[in-house]
Amino acid sequence: MDLKLYLAKALELEKIIYTLNRAISWLQTQENGINVTPKNYPEPEVPHHSSGAVDFIADLFGVLLISLVCAIVGIPIFFVYAIIRAFSGGAEWSDLKIIMIVCGAIGFVLSLLMIWGGGASDSGEKESDYERKCREYNELVKKDKQRISRALQQKENIHSQIEVLVQKRNIIRQTLNQLYQLNVIYPKYRNFIAIATFYEYFDSGRCNSLEGHEGAYNIYENEIRLNAILSKLDDVINHLEEIKNNQYAIYSAINEGNRVAKKLYDNSMRLIDNTNAIEQNTSISAYADTITAKNSEILKYIAIFDRL
């Protein structure tokens, strides 16, 4: 069989799976980051109203205290009065009693007016403040419900697009397994990096067989042993620019996969608030069509190989 053609088809499927994995991973991260937990806003406290008996005792005590203070204020008033009266016969001690009674009475009346007016004002302010806080609380709860509704819609849109990509990935994985089950490649080397590296060996003319001293398997193992190439996908991704010269095939495949994955991700995020995200995501639709066509092509290739 044409080993280079076989490796090219396996590499194409591996690249598609890598691309889908990247796009799915990014979308899942975004989906998991959307917060749909309701915020816990403290409810406004109902204004405290003391019992009537307590209010009455407190008010009575206040009235008596103010009246007493006003009555005591009458003493210096009496002495001023006495000085004035000294030039016209003098003042009587009974006048002190009258003055204190009058001052106390004035204090009594004023304290009643103050308590009545103050109580009404304080009660009104408490009610007004409570109503304002209730309005603010209800507005916060309303906005949070709107936020959650939008967040749930966003999660649903992202999840539905993830499901499309996962479905395509499963189909391609199945086809890739069928391709590998032709037993052209030794099981140890049935992975993205090994396939890309083997394809590069064949494409560049470094070898024309998989086995033997000068075969792809032996070259690959020697280069890993000499640290000339990287064999782990995470290492390759983290040192992509550094491997450009030694592992160009995997470098190109990952660059292309990242570019397509980012396009799929970006288009999905642009439609995050759209209720018809799947139908309007032309990027995913176009890529899905490409995957379907590639899958059909490789299934035909497998079928031809089986008949040989």
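A brief look at the structure comes next. Everything numeric here is computed off the predicted structure, so don't read it as measured data.

Digging into the overall build of the protein
Regarding its fold elements, the protein presents nine helices and zero strands. Every one of the 308 residues in the protein was classed for burial, and the buried ones make up 33%. Carbon and sulfur atoms form 57% of the exposed surface of the protein, whose accessible area is close to 19,000 Å².

Some remarks on the pattern of salt bridges
In the structure shown here, the tally under the stated rule is 12 salt bridges. Linking R132 and D129 is a salt bridge whose minimum nitrogen-to-oxygen distance equals 2.4 Å. With R132 and D129 both in helix α3 (residues 93-180), this residue pair falls three residues apart, about one helical turn. Each member of the salt-bridge network shares a partner with another, and the members are D129, R132, K133 and E136.

Considering the nonpolar core
Counting residues in each nonpolar core, the largest one holds 61 residues, and the members touching the most others are L179, I185, F198 and L210. Elements supplying a minimum of two residues to this core: α1 (3-33), α3, α4 (192-204), α5 (216-225), α7 (248-270) and α9 (282-307). Broken down by element, the residue count for this core peaks at 13 residues, all from α1. Once you skip the residues sitting within four places of it in the chain, I185 turns out to touch Y6, L7, R190, I195, L210 and Y217.

Observations concerning the side chain of S268
Examined against the element boundaries, S268 turns out to sit in helix α7. A distance of 2.8 Å separates a polar side-chain atom of S268 from the backbone oxygen of L264. Sequence-distant contacts of S268, defined by excluding residues within four places in its chain, comprise L27, Q161, N281 and I284.

Re the packing of α7 against α9
The contact between α7 and α9 brings their axes to 8 Å, and the two run at 140°. Considering their axes alone, α7 and α9 lie oblique with respect to each other. Every residue of α9 that contacts α7 at V260, K263, L264, N267 and S268 is listed here: S283, I284 and Y287. Among the residues forming the contact of α7 with α9, the class breakdown is four nonpolar, three polar and one charged.

With respect to the side chain of R169
Mapped onto the elements, R169 comes out in helix α3. Buried within the structure, R169 lacks any salt-bridge partner; its nearest side chain of opposite charge belongs to E14, at an N-O separation of 11 Å.

Overview of the environment of I291
Among the secondary structure elements, I291 is positioned in helix α9. What makes I291 buried here is its relative accessible area of 3%. In sequence terms I291 and I16 are 275 residues apart; their C-alpha atoms lie 7.7 Å from each other. Beyond its immediate sequence surroundings of up to four residues, I291 is in contact with I16, L20, K168 and I172.

A word on α1
For the α-helix, the turn length of 3.6 residues means that residues three or four positions removed from each other point alike. Over its 31 residues, α1 runs 45 Å from end to end, which matches the ideal 45 Å to within 8%, given 1.5 Å per residue. The N-terminus of α1 is capped by D2, whose side-chain oxygen sits 3.2 Å from the backbone nitrogen of K4.

Overview of the packing of aromatic side chains
With the rule as written, the count across this model stands at 10 aromatic pairs. Seen in terms of ring centroids, Y189 and Y220 are 5.9 Å apart; in terms of plane orientation they differ by 80°. Their pairing is edge-to-face. On the criterion of sequence distance, the pair formed by Y189 in the loop between α3 and α4 and Y220 in helix α5 is long-range, its members being 31 residues apart. Judged by centre distance (5.3 Å) and plane angle (80°), the ring pair of F198 and Y220 falls under edge-to-face. Of the two residues, F198 is situated in helix α4 and Y220 in helix α5; the sequence distance between them amounts to 22 residues. Residue classification places Y220 among the buried residues on the basis of a relative accessible area of 5%. Through pairs of rings, three or more aromatic residues link up here, namely Y186, Y189, F198, Y201, Y217 and Y220. When the ring centre of Y301 is taken as reference, the NZ or CZ atom of K9 above it lies at 5.3 Å.

How each quantity is defined
Position numbers for residues count from 1 along each chain, tracking the sequence in the order it is written. Totals for whole chains, interfaces and linings use every residue, but because this is a predicted model, local features are given only for residues with pLDDT of at least 70 and side-chain atom pairs only at 80 or more, for both listing and counting. Calculation of side-chain values draws on the structure's entire complement of heavy atoms; hydrogens and water are dropped beforehand. We count a stretch as a helix when DSSP gives it H or I for four or more residues in a row; a strand needs E for two or more, and each element gets its number in order from the N terminus. Buried residues are those whose accessible area, probed at 1.4 Å on protein chains only, stays under 20% of the maximum for their type, while exposed residues exceed 50% and partly exposed ones sit between those limits. Here the accessible surface of atoms and residues is derived via Shrake-Rupley with a 1.4 Å probe, and residues count as covered only by protein chains that are part of the display. Here, a salt bridge means any Lys or Arg side-chain nitrogen found within 4 Å of an Asp or Glu carboxyl oxygen. Put simply, buried Ala, Val, Leu, Ile, Met, Phe, Trp, Tyr and Cys residues joined by side-chain atoms within 4.5 Å make one nonpolar core. Throughout, a contact is declared for two residues whenever any of their heavy atoms are within 4.5 Å. Nitrogen and oxygen atoms within 3.5 Å of one another constitute a polar contact, given that in protein one can donate a hydrogen and the other can accept it, and given that sequence-neighbouring residues count only through two side-chain atoms. Axes here refer to lines fitted to C-alpha atoms; in helices the fit is confined to the stretch in contact. Angles between the N-to-C directions go from 0 to 180 degrees. Oblique is the label for any angle not under 35 degrees, not over 145, and not in the 65 to 115 range, which are roughly parallel, roughly antiparallel and roughly perpendicular in turn. Each residue gets one of three labels, nonpolar for Ala, Val, Leu, Ile, Met, Phe, Trp, Tyr, Cys and Pro, charged for Asp, Glu, Lys and Arg, and polar for the others, Gly among them. His is not counted, nor are the chain ends, whereas Lys and Arg count as positive and Asp and Glu as negative. Under the convention used throughout, the expected extent of a helix is 1.5 Å for every residue step, that is, one less than its residue count. Each pair of aromatic rings taken from Phe, Tyr and Trp, with Trp reduced to its six-membered ring, is defined by centres within 6.5 Å and is described as stacked if the planes are under 30 degrees apart, edge-to-face if over 60, and tilted in the remaining cases. Throughout this description, the term charge over a ring refers to an Arg CZ or Lys NZ atom that lies within 6 Å of the ring centre and within 35 degrees of the ring normal.

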